Number of protein chains: 2
Amino acid sequence: MSIVHKDERILLAHGGGGSLMRGLIEDLILKRLNNPVLARLEDSAVLPPLPGGGEVTSGRLAFTTDSYVVKPLFFKGGDIGKLAVCGTVNDLAASGARPLWLTLSFIIEEGFPIDQLERIVDAVSEASGQAEVKVVAGDIKVVERGAADGLYINTSGIGVVAEGVNLSPSLIKEGDKVLVSGPIGEHGMAVIAARDQVELDIDVESDVAPLGGLVRDILDNGQAVHFLRDPTRGGLAAVLNEAASAAGLTIRLFEDKIPLKSGVKAISEMLGLDPLSLACEGRMVAIVEGKGAGKILKQMRQSPLGKEASIIGEVLSPLVARVILETKVGGRRTVDMPYGEELPRIC
Amino acid sequence: MSIVHKDERILLAHGGGGSLMRGLIEDLILKRLNNPVLARLEDSAVLPPLPGGGEVTSGRLAFTTDSYVVKPLFFKGGDIGKLAVCGTVNDLAASGARPLWLTLSFIIEEGFPIDQLERIVDAVSEASGQAEVKVVAGDIKVVERGAADGLYINTSGIGVVAEGVNLSPSLIKEGDKVLVSGPIGEHGMAVIAARDQVELDIDVESDVAPLGGLVRDILDNGQAVHFLRDPTRGGLAAVLNEAASAAGLTIRLFEDKIPLKSGVKAISEMLGLDPLSLACEGRMVAIVEGKGAGKILKQMRQSPLGKEASIIGEVLSPLVARVILETKVGGRRTVDMPYGEELPRIC
């Protein structure tokens, strides 16, 4: 699927975490920068032993990066600083790593208020404390007025994947169960609610939170966890389509099992949005051995950030549709890979 | 020195690599995110052993980040893609590390031409091959028209510092010599020349290049190298002021020993710029043991990127001025820490 042509221009949807972004990465980036680590397109790169320079005595390094362009910078439940820490910590956690170190790089528009910068760095400090990671390097660039929209942050992170931990969509098999650690779509909805143009009287708070602890808890459970991913851009729909597609299997979801707060549901219906495509920033999707699923669910629910965890689906032998949803009223629909994203600049 | 006040706004000069940026980092960032690794404010963080997750069997990890906002994106001798690889590789090299892995994160303005993106990723590919590093993870964010100026890149990098390598301004001592690996200011001048508003008929090409190999060559020379830094924003003036200040000593430079191409000299005089404050992106400053300096100069000159290396100064006991320049005509002037930067968005 070649989506990129020479005379084309970048669209907002190219950054949306859906099929258009995937096409850009495969057709443009991977063609030029291919190597076995990058080609896996996981949330973090799990690195091979250090060539010539020694190796990690126990486990492997994980390395990840994300730039944050969320608009507005402050929303109910968080801000770009908290998001930049949690998002990168969660990418490390999703690769099975214990998050350890972060870098923090700002691109700031000239004229940005310093008191807002202070609030954002305060949030970075608090979130990195909560996530038990340290910011060890950073950078500040300032661009002229009009050359950025306030402030953007990049965080990159290093973690260590303990020996014996091995996560990959290739391990997913028929009979596996699909879990999510809590209600979906709250981050996306909180950002929408914080935008000026939308007047909403329902109180939705972003779920943004660091999931290193939750992941550590469930990984203690031997080899039962096959795949982890935090559903950010493109939401549950994107993550499960990617997983099912990489595994060559089909995932069946049960609508009545998917945790969804009434506020998110109501606004989604009002605005015509699909909660399955809304971003989370503090939820983890786990695909696990069928027979271990109950135990992992229990462990998730004992974790402070997993109290509302639920088994939401199961893995079937391959059908034409990669992800299908059994609706509450007994219907069935295909959950497609989002094309772009429902709303830009959600993270 | 408190430069940051609550009611102030970010200025372009806050990103310039000079004293104003230093103040912002110390007053705003370090107060909130202090830890021993970050507080060293080196080009890369050299990491302690991995807590609980094992350690590197030989050497220590170095970790760094930089965002690139150079304007224009393409200039003589390079582009933002080559710059993003070389800048981060050189930050790792300056900490004595062998650069190994990079992440690559784009913030792209909607409407950006895909053929330009292809050229940039081609340059990333070529430069990372030359630098012997691998891009192992990445991210793409797209923002609306007007919310960025074309395209920004963040690269973060991991390298390994071999056992026995120890670089720090605290090792600098009286009698040490100051070396630079080649002519200064060419990157800064090439970017100025590429800007539409300046019409210059002199041909200056950016020096942007990866210096991992050059650094490896000179570090083979035992313990003689005390301090390395690549003079980017703020140029030689900023690097040497920082080094002298951290060491509590004074550095004397000899103007006639500082390699400077005639084109850079001519345009600097025409535009009233100080070449000592102009950015390089392919030069390394080394402060080395006095008696080993000749040998290190020879090694630098044998390296393909160090043919025009020169011993440009020496370390003296502390005077009031941190950095002084003996001019060609026999005068003497203080080289101050630049306040902001002569021109924004040079890297």
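Residues numbered from 1 in each chain as written. Chains lettered and ligands numbered in written order. Predicted model: local features only at pLDDT ≥ 70, side-chain atom pairs only at ≥ 80, totals over all residues. Heavy atoms only, no water.

> Would you take a moment to explain the relation of the copies chain A and chain B for this structure?
Between the two copies of the chain lies a rotation about an axis combined with a shift along it. Overlay of chain A on chain B (RMSD 0.0 Å): rotation 180°, translation along the axis 0.0 Å. Such values leave the two copies arranged in the relation of a two-fold axis. In this assembly the copies share their binding face: 100% of the residues contributing to the interface of chain A also contribute to that of chain B. (Least-squares fit on C-alpha atoms with pLDDT ≥ 70 in both. Contact = heavy atoms within 4.5 Å.)

> Would you mind showing me how to read the layout of surface pockets here?
Residues and elements named next belong to chain A. Here the largest pocket defines a volume of roughly 680 Å³. In terms of lining residues, the largest pocket is bounded by 30 residues, among which Arg 40, Glu 42, Pro 169, Arg 229 and Ala 246 are the most central. Of all the secondary structure elements, the ones that give two or more residues to the lining of the largest pocket are helix H1 (19-33), strand E9 (225-229) and helix H7 (235-247). No other element matches H7, which puts 5 residues into the lining of the largest pocket. (1 Å grid on protein atoms, 1.4 Å probe; cavity = no way out; pocket = protein on both sides within 12 Å on 5 of 7 lines; lining within 4 Å. Points joined across faces, edges and corners; volume = space filled by probe spheres on them. Helix = DSSP H or I, 4+ residues; strand = E, 2+ residues; numbered from the N terminus.)

> Just checking my understanding: could you explain the packing of aromatic side chains for this structure?
Aromatic ring pairs are defined here through the distance separating the ring centres and the angle between the ring planes. This model, assessed by the stated rule, comprises 1 aromatic pair over all chains. Ring centres 5.8 Å apart and planes at 75° place the aromatic pair Phe 63 of chain A and Phe 63 of chain B in the edge-to-face group. Note that Phe 63 of chain A is positioned in strand E2 (residues 60-68) and Phe 63 of chain B in strand E2 (residues 60-68), a pairing that runs across two chains. Directly above the aromatic system of Phe 74 of chain B lies the positively charged group of Arg 119 of chain B, at a separation of 3.8 Å from the ring centroid. (Phe/Tyr/Trp six-rings, centres within 6.5 Å; stacked < 30°, edge-to-face > 60°. Lys NZ or Arg CZ within 6 Å of the ring centre and 35° of its normal.)

> It is not clear to me how the interface of chain A and chain B should be interpreted in this structure. Could you clarify?
Quite often, the size of an interface is put as the accessible area lost when its parts meet. The interface is formed by 89 residues belonging to chain A together with 89 residues belonging to chain B. Buried surface at the junction of chain A and chain B, summed over both partners, amounts to about 7600 Å²; 69% is from carbon and sulfur atoms. The three residues of chain A that bury the most area against chain B are Ile 10, Phe 63 and Ile 114 of chain A, which together make up 9% of that side's buried surface. Counting across the chain A and chain B interface gives 12 salt bridges. When the shortest N-O distance is used, the salt bridge between Asp 122 of chain B and Arg 32 of chain A registers 2.7 Å. Inspection of the chain A/chain B interface yields 39 residue pairs in polar contact (both at pLDDT 80 or more). (Buried area = accessible area lost by both parts, 1.4 Å probe. Salt bridge = Lys/Arg side-chain N within 4 Å of Asp/Glu carboxyl O. Polar contact = N/O pair within 3.5 Å; in protein donor to acceptor, adjacent residues only side chain to side chain.)

> What is the right way to read the pattern of salt bridges from this model?
Side chains that carry opposite charge are capable of pairing whenever their charged atoms lie near each other. Residues and elements named next belong to chain B. Tallied over the entire structure, the rule returns 50 salt bridges over all chains. Here Asp 139 makes a salt bridge to Lys 141, at a shortest N to O gap of 2.9 Å. Accessibility assignment for this pair places Asp 139 and Lys 141 in one class, buried. Glu 289 is paired through a salt bridge with Lys 291; the nearest N and O atoms lie 3.8 Å apart. (Buried < 20%, exposed > 50% of the residue type's maximum accessible area, 1.4 Å probe, protein only.)

> Help me understand the sheet that holds strand E6 (residues 134-143) of chain A in this model?
Picture the strands of a sheet paired through backbone hydrogen bonds; they go either parallel or antiparallel. Residues and elements named next belong to chain A. Read from one edge of the open sheet, 5 strands run E1-E2-E7-E5-E6, paired in mixed fashion. A strand with exactly one partner marks an edge of an open sheet, and here the two such strands are strand E1 (45-46) and E6. Here 2 bridges tie E1 to E2, and the two strands are oriented antiparallel to one another. Note that in E2 the partner of Ala 45 across the bridge is Phe 63. (Pairing = 2+ DSSP bridges.)

> For this particular structure, what's the right way to read the domain arrangement of chain A?
Residues and elements named next belong to chain A. Domain parsing of chain A yields domain 1 (35-161) and domain 2 (169-334). When each unit is reduced to the centre of its C-alpha atoms, the spacing between domain 1 and domain 2 is 23 Å. On the domain 2 side, the residues contacting the 27 residues of domain 1 number 25 residues. The interface formed by domain 1 and domain 2 holds 2 salt bridges in total. Two residues, Asp 203 and Lys 76, come together in a salt bridge whose shortest N-O distance is 3.8 Å. The tally of links between domain 1 and domain 2 comes to 6 residue pairs in polar contact (both at pLDDT 80 or more). Elements with a minimum of two residues in the side of domain 1 that touches domain 2: strand E3 (74-75), helix H3 (80-94), strand E5 (97-109) and helix H4 (114-131). When residues in the side of domain 1 that touches domain 2 are grouped by element, the largest group, 9 residues, is from H3. (Domains from an automatic or database assignment.)

> I would appreciate a short explanation of the sheet that holds strand E10 (residues 250-254) of chain B in the present structure.
Residue and element names in this part refer to chain B. In spatial order, the strands read E9-E11-E8-E12-E10-E13-E14; together these 7 strands make up an open sheet with mixed pairing. Bordering the open sheet on either side are strand E9 (225-229) and strand E14 (332-334), each of which pairs with just one other strand. If you compare each strand with its neighbour and ignore which way they point, the axes differ by 25° on average. One ladder, built from 4 bridges, connects E10 with strand E12 (residues 310-316); its direction is antiparallel. Bridging across to E12, Ile 251 finds its partner in Val 315. In this fold helix H7 (residues 235-247) packs onto strand E8 (177-180), E9, E10, strand E11 (285-288), E12 and strand E13 (323-326), with an angle of close to 30° to the strand it touches most, E11. Against the sheet, helix H9 (residues 293-302) engages E8, E9, E11 and E12, with an angle of about 5° to E8. (Axes fitted to C-alpha atoms, helices over the stretch in contact; angles between N-to-C directions.)

> How should I be thinking about helix H8 (residues 262-271) of chain A in this particular structure?
Residues separated by three or four positions in an α-helix point in the same direction, a consequence of the helix having 3.6 residues per turn. Residues and elements named next belong to chain A. For H8, the set of buried residues is Gly 263, Val 264, Ile 267 and Ser 268. The arc enclosing the buried residues of H8, seen along the axis, measures out at 125°, which places them on a common side. Set apart from the buried face of H8 by more than 90 degrees, the exposed residues are Ser 262, Glu 269 and Met 270. Where H8 is buried, its residues contact helix H5 (186-194). Looking at the residues trailing H8, positive phi occurs at Gly 272, about 70°. (Arc of directions from axis to C-beta.)

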